[in-house]
2 protein chains.
Amino acid sequence: MSPRIGDASRPARLADPGSGIGEDELALAARNHGLPLEALRYDVTPPGLHYVLTHYDIPYVADDADWTLTVRGAVRRPLALGADDLRTYPTATVRVTMECAGNGRARLDPRPVSQPWLLEAVGTADWTGVPLRILLEEAGVEAGAVDVVFTGADHGAERGVEQDYQRALPVGVASGDEPEVLVAYEMNGAPLPPQHGYPLRLVVPGWYGMAHVKWLSDIHVAPERFTGFQQDVAYRFRRHPDELGEPVTRIAPRALMIPPGFPDFMSRERVVRPGPVVLEGRAWSGRAPITSVEVSTDGGRTWNGAVLRDELPHPWAWRAWRFEWTAEPGRHLLSARATDAEGTTQPSSQPWNRGGFANNMIQTVPVVCLSPTE
Amino acid sequence: MSPRIGDASRPARLADPGSGIGEDELALAARNHGLPLEALRYDVTPPGLHYVLTHYDIPYVADDADWTLTVRGAVRRPLALGADDLRTYPTATVRVTMECAGNGRARLDPRPVSQPWLLEAVGTADWTGVPLRILLEEAGVEAGAVDVVFTGADHGAERGVEQDYQRALPVGVASGDEPEVLVAYEMNGAPLPPQHGYPLRLVVPGWYGMAHVKWLSDIHVAPERFTGFQQDVAYRFRRHPDELGEPVTRIAPRALMIPPGFPDFMSRERVVRPGPVVLEGRAWSGRAPITSVEVSTDGGRTWNGAVLRDELPHPWAWRAWRFEWTAEPGRHLLSARATDAEGTTQPSSQPWNRGGFANNMIQTVPVVCLSPTE
């Protein structure tokens, strides 16, 4: 036997029709976690409730004094910055709703085999750090640069390829200010937790989570387009295995409802009593402001407008919405759907692709309203 | 239709042979989460990496100033204590390794359908609060009291029974000092996070997680044995549905290994290169001190002693262990097993019961060691 990486690391696949979640998917679901939907109540998600996805192991970093961030490649003045150096630059704090590109994957049919998110891979935090454009200006990006490549310290294998996690942004996005990309060292006013990238991570407001490279160690300005695994193999909208597909970039619009009433432990079905029930939740889009949220209490046959809370000071964060419902005994199917200023509304049928990305199909919340005497 | 609680809340069941994880189990796995095993490196688990299991929704508590803890029942002086009142009592801080009673459930065959933990439902924290025995002394427990019943604010349904989460301890355990039970208001020196019971939770060192009642609102001293759902229906060792079964109490011994090398994203299999590899991890028992950890690198055929780190100042916390292995190319199956001072060693075959409790069957970690040229 001559063991190779492919002995542990196999090609992508779709789940067999009707098959339950496999042990590999379960192992991911047990270590990563979503936002319990009742935590949509918080403007800023409390520590430990924000969704987490790590491709490989969480790197162990005892002290950020040992960390160096390099900025190099097609630049006139390469940089090597310690954590203390970074704190001498101007800082910015931005409230960002972050969502995993794979959110909704486990609701797809057929199901792409990967981290099996239902609906909960989201969270909102205040991130503080140095605007990336300031570091790139100081380094002096050379004319003709195309992509900026970000390398994290997390190391693993994926579909036979051993790799450090790497993603790129076009130079124009990396050095832009709409959104302003951050090299962040604080989350909600405290050092980053290990699972969120301690000591440094990239924050790219409006983009799905795969762009927010954690445990950031290197920024490389490249004169050609980056074609690494996470850019050209993973994180592409692809219906057939042999196409390149469009890249996954900004977050599609979505509304989520705090499931009303109380749950059954096992079925997770919701129970309410007859009478007034406030339905509330959050809505967001990484492409354009949310312009409306509608609610259906009859399984999507009819829709009514919800009230949006004014939250303009945080253009990259979710908006709260509410709707007053009067529950009557029986079974009900509740839904909310968001529309953004680009005119995109969430679909009622699945936007399927082989990676299971950006499935923003409308949430449905089954509710049992008890008889008045129960 | 006359909707009843049972329309959302159904009996317990075992999974069909060979069936994958169902959507109900997945919904639990997505909102609850374990300790990513590489986080066994930390003596005290960082915020957000400690395991979390909540039966129902996490209650929303904006401010602990609005919280009252009552102590009542068979006592001479009932108490009603606000958060500020509790801080006037003597405090204690104790480092506790907490584990879910259902840890290991998804490795059982047949698999009880519930939260599908593999191995990772554990964590260690420093908990600070008021010793319960001090509150009970002040209230004056009456002679003949049997159980002390703890009520949390989390409300839901389970197998047709609508309930607030409630558990009891025998009076002797509740008022004892070995372990000393705490009414905790801090975790690792900060207020409890919402998912760990803000503002108050019970901490019962050495016991499985179901005893550590979160969002604690009431302590009721009862003259008879408590027979509530979480005491007499759930959390019992039962092989047949019609027996009462023994109660689940203290944590059985277990060792876990930090999976060495690096993972494949999807299979979670581990990859190492030939040469020296340090195997390390933690071991714990809620019944008695850990006396040995052994490691096998050949699928359990032979075992060798690991080195235990001295950690006597924290008798209720896990102990670190390490073992030096020389990896050679090929496939290997690594395991560790713990033995405690009561003489109990982890089993190599499953200790099955209908609830899937206390499955401390030995962990196995498949590893591919690459050829030197890979």
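Values in this document were obtained by computation on a predicted structure and should not be read as measured data.

Conventions and cut-offs
Residues numbered from 1 in each chain as written. Chains lettered and ligands numbered in written order. Predicted model: local features only at pLDDT ≥ 70, side-chain atom pairs only at ≥ 80, totals over all residues. Heavy atoms only, no water. Helix = DSSP H or I, 4+ residues; strand = E, 2+ residues; numbered from the N terminus. Rg over C-alpha atoms; globule rule 2.2 N^0.38 Å. Buried < 20%, exposed > 50% of the residue type's maximum accessible area, 1.4 Å probe, protein only. Contact = heavy atoms within 4.5 Å. Lys, Arg positive; Asp, Glu negative; His and termini not counted. Charge placed at Lys NZ, Arg CZ, Asp CG, Glu CD. Buried area = accessible area lost by both parts, 1.4 Å probe. Salt bridge = Lys/Arg side-chain N within 4 Å of Asp/Glu carboxyl O. Polar contact = N/O pair within 3.5 Å; in protein donor to acceptor, adjacent residues only side chain to side chain. Least-squares fit on C-alpha atoms with pLDDT ≥ 70 in both. Domains from an automatic or database assignment. UniProt positions renumbered as here; feature names shortened; annotations may be inferred. Pairing = 2+ DSSP bridges. Axes fitted to C-alpha atoms, helices over the stretch in contact; angles between N-to-C directions. Phe/Tyr/Trp six-rings, centres within 6.5 Å; stacked < 30°, edge-to-face > 60°. Lys NZ or Arg CZ within 6 Å of the ring centre and 35° of its normal.

Peer 1: Give a detailed account of the overall build of chain A, specifying residues and quantitative values.
Peer 2: Assigned secondary structure in chain A consists of five helices and 22 strands. Its C-alpha radius of gyration of 22 Å places chain A within 12% of the 21 Å reference for a compact globule of 374 residues. With the principal axes as the frame, chain A shows a C-alpha extent of 75 × 55 × 40 Å. In chain A, which comprises 374 residues, the proportion classed as buried is 62%. At a minimum sequence separation of 6, the contacts of chain A that also span at least 24 residues come to 72%. Averaging the locations of the 36 positively and 47 negatively charged side chains of chain A gives two centres separated by 4 Å.

Peer 1: Any details on the interface of chain B and chain A? Residues and values, ideally.
Peer 2: Interface size is commonly expressed as the accessible surface area that is lost when the partners come together. Contacts between chain B and chain A engage 74 residues on the former and 74 residues on the latter. Roughly 6400 Å² is buried in total at the junction of chain B and chain A, and carbon and sulfur atoms are behind 61% of that figure. Here chain B and chain A share 10 salt bridges between them. Between Glu374 of chain B and Arg4 of chain A there is a salt bridge, and its shortest N-O distance comes to 3.3 Å. Applying the counting rule to chain B against chain A returns 33 residue pairs in polar contact (both at pLDDT 80 or more). Put simply, the parts of the chain that give the side of chain B that touches chain A at least two residues each are helix H1 (23-31), strand S5 (147-158), strand S14 (262-263), strand S15 (270-272), strand S21 (330-340) and strand S22 (365-369) of chain B.

Peer 1: Before we move on, can you summarise the relation of the copies chain B and chain A with the specific residues and values?
Peer 2: By a simple turn and slide, chain B fits onto chain A: the slide is 0.0 Å along the axis, the RMSD is 0.0 Å, and the turn is 180 degrees. Both copies are brought into coincidence by an operation consistent with a two-fold rotation axis. In this assembly the copies share their binding face: 100% of the residues contributing to the interface of chain B also contribute to that of chain A.

Peer 1: How would you explain the domain arrangement of chain A if you had to name every residue and give the values?
Peer 2: Residues and elements named next belong to chain A. Considered domain by domain, chain A is made up of domain 1 (5-247) and domain 2 (254-369). Between the C-alpha centres of domain 1 and domain 2 the distance comes to 27 Å. Every contact between the two is made by 40 residues of domain 1 and, on the other side, 28 residues of domain 2. Together, the buried faces of domain 1 and domain 2 total about 3300 Å²; carbon and sulfur atoms form 58% of this surface. On the domain 1 side of the contact with domain 2, Leu40, Arg107 and Leu108 bury the most area, a combined 19% of that side's loss. Applying the counting criterion to the domain 1 and domain 2 interface returns three salt bridges. Linking domain 1 to domain 2 there are 19 residue pairs in polar contact (both at pLDDT 80 or more). At the level of elements, strand S3 (92-99), strand S4 (122-131) and strand S11 (236-237) are the ones that each hand at least two residues to the side of domain 1 that touches domain 2. Here the side of domain 1 that touches domain 2 takes five residues from S3, the largest share from any one element.

Peer 1: Report on the UniProt feature "domain: Oxidoreductase molybdopterin-binding" (unreviewed entry) in chain A, specifying residues and quantitative values.
Peer 2: Per the UniProt record, "domain: Oxidoreductase molybdopterin-binding" (unreviewed entry) is found at residues 55-229 of chain A. Along residues 55-229 of chain A, the helical share is 10% and the strand share 39%, with 13 Å between the first and last C-alpha atoms.

Peer 1: Lay out the environment of Trp303 of chain B in plain terms, naming residues and giving numbers.
Peer 2: All names here are of chain B. Tracing the chain through its elements places Trp303 in the loop between strand S17 (290-296) and strand S18 (304-305). With 33 residues separating them along the chain, Trp303 and Ala336 place their C-alpha atoms 8.5 Å apart. Every residue in contact with Trp303, bar those within four places of it in the chain, is listed here: Glu294, Val295, Ser296, Ser335, Ala336, Arg337 and Ile362. Separated by 3.2 Å, the side chain of Trp303 and the backbone oxygen of Gly300 make a polar contact.

Peer 1: Hey, could you go over the pairing of strand S13 (residues 254-257) of chain B for me, with residue numbers and the actual values?
Peer 2: Residue and element names in this part refer to chain B. Of the two faces of S13, the one holding Arg254 and Leu256 and the one holding Ala255 and Met257 are both buried throughout. Across four bridges, S13 lies against strand S16 (residues 275-284) in antiparallel orientation. Bridging from a neighbouring strand, Ala255 pairs with Ala283 of S16.

Peer 1: Describe the sheet that holds strand S2 (residues 79-82) of chain A, and please don't skip the residues or the numbers.
Peer 2: All names here are of chain A. Spatial ordering of the open sheet is given by S2-S1-S10-S5-S6, a layout of five strands whose pairing is mixed. The open sheet is flanked by S2 and strand S6 (161-170), the only strands paired with a single partner. Going across the sheet, the axis of each strand differs from the next one's by a mean of 25 degrees, ignoring polarity. Alignment of strand S5 (residues 147-158) against strand S10 (residues 216-222), held across six bridges, turns out to be antiparallel. Each bridged residue has a counterpart across the sheet, and for Val149 the counterpart in S10 is His220. Along the sheet, helix H3 (residues 132-139) contacts strand S1 (68-73), S2, S5 and S10; its crossing angle with S2, the most-contacted strand, is approximately 135 degrees.

Peer 1: Explain the sheet that holds S14 of chain B to me, and be specific about the residues and the numbers.
Peer 2: Residues and elements named next belong to chain B. Reading across from one edge, S14-S15-S22-S21-S17-S18 is the order of the six strands in this open sheet, with mixed pairing throughout. Of all strands in the sheet, those bounded by a partner on one side alone are S14 and S18. Relative to S15, S14 runs antiparallel, the two sharing two bridges. Paired with Phe262 across the two strands is Val271, which belongs to S15.

Peer 1: Got a sec to walk through the UniProt feature "domain: Moybdenum cofactor oxidoreductase dimerisation" (unreviewed entry) in chain A? Specific residues and values, please.
Peer 2: UniProt's feature table lists "domain: Moybdenum cofactor oxidoreductase dimerisation" (unreviewed entry) at residues 275-365 of chain A, given in the numbering used throughout. The span residues 275-365 of chain A shows a helical share of 0% and a strand share of 46%, and its end C-alpha atoms are spaced 18 Å apart.

Peer 1: I'd like a rundown of the environment of Trp67 of chain A, residues and numbers included.
Peer 2: Residues and elements named next belong to chain A. Tracing the backbone through its elements, the reader meets Trp67 in the loop between helix H1 (23-31) and S1. In this structure, the C-alpha to C-alpha distance between Trp67 and Asp84, residues 17 residues apart in sequence, is 9.8 Å. Not counting the four nearest positions on each side in its chain, Trp67 is found in contact with Val61, Leu81, Gly82, Ala83, Ala153, Pro199, Leu200, Trp215, Leu216 and Ser217. One polar contact links the side chain of Trp67 to the main-chain carbonyl oxygen of Leu216, over a distance of 2.8 Å.

Peer 1: Any details on helix H3 (residues 132-139) of chain B? Residues and values, ideally.
Peer 2: Leu132, Ile134, Leu135, Leu136 and Ala139 of chain B are the residues of H3 of chain B that are buried. Of the residues flanking the end of H3 of chain B, it is Gly140 of chain B, one or two places downstream, whose phi is positive at about 80 degrees.

Peer 1: Give me the lowdown on the side chain of Gln163 of chain A, citing residues and values where you can.
Peer 2: Residues and elements named next belong to chain A. Structurally, Gln163 can be placed in strand S6. For Gln163, the side chain forms a polar contact with the main-chain oxygen of Val161, separated by 3.2 Å. Residues within four places of Gln163 in sequence aside, it is in contact with Tyr56, Asp154, His155, Gly156, Glu158, Phe229 and Gln230.

Peer 1: Tell me about the packing of aromatic side chains, and name the residues and values.
Peer 2: Residue and element names in this part refer to chain A. All chains considered together, the criterion is met by eight aromatic pairs over all chains. Considering the side-chain rings of Trp284 and Trp318, the 6.0 Å spacing of their centres and the 55 degrees angle between planes classify their relative orientation as tilted. Here the residue Trp284 occupies a position in strand S16 (residues 275-284), and Trp318 occupies one in the loop between strand S19 (307-308) and strand S20 (319-327), the gap between them amounting to 34 residues. In this structure Trp284 comes out as buried when scored by relative accessible area, which is 2%. The exposure class of Trp318 is buried, given its relative accessible area of 2%. Between Arg337 and the ring centre of Trp303, over which it is positioned, the NZ or CZ distance is 4.0 Å.

Peer 1: Quick rundown of the pairing of strand S17 (residues 290-296) of chain A? Include the residues and the values.
Peer 2: Remember that side chains alternate between the two faces of the sheet whenever the strand is regular. All names here are of chain A. One ladder, built from six bridges, connects S17 with strand S21 (residues 330-340); its direction is antiparallel. Looking across to S21, one finds that Val295 is bridged to Ala336. As paired strands, S17 and strand S18 (residues 304-305) are joined by two bridges and run antiparallel to one another. Within S18, the position partnered with Val295 by the bridge is Asn304.

Peer 1: I'd love a proper account of unusual backbone geometry, names of residues and values included.
Peer 2: Residues other than glycine predominantly adopt negative phi, and peptide bonds predominantly adopt the trans conformation. Pro179 of chain A follows Glu178 of chain A through a cis peptide bond whose omega is 10 degrees. If you check the backbone angles, Arg268 of chain A has positive phi at about 65 degrees while not being a glycine. Along the chain, Arg268 of chain A falls in the loop between strand S14 (262-263) and strand S15 (270-272). Given the relative accessible area of 14%, Arg268 of chain A is considered buried. Look at Arg159 of chain B: it is not a glycine, yet its phi comes out positive at around 45 degrees. Its location among the elements puts Arg159 of chain B in the loop between S5 and strand S6 (161-170).

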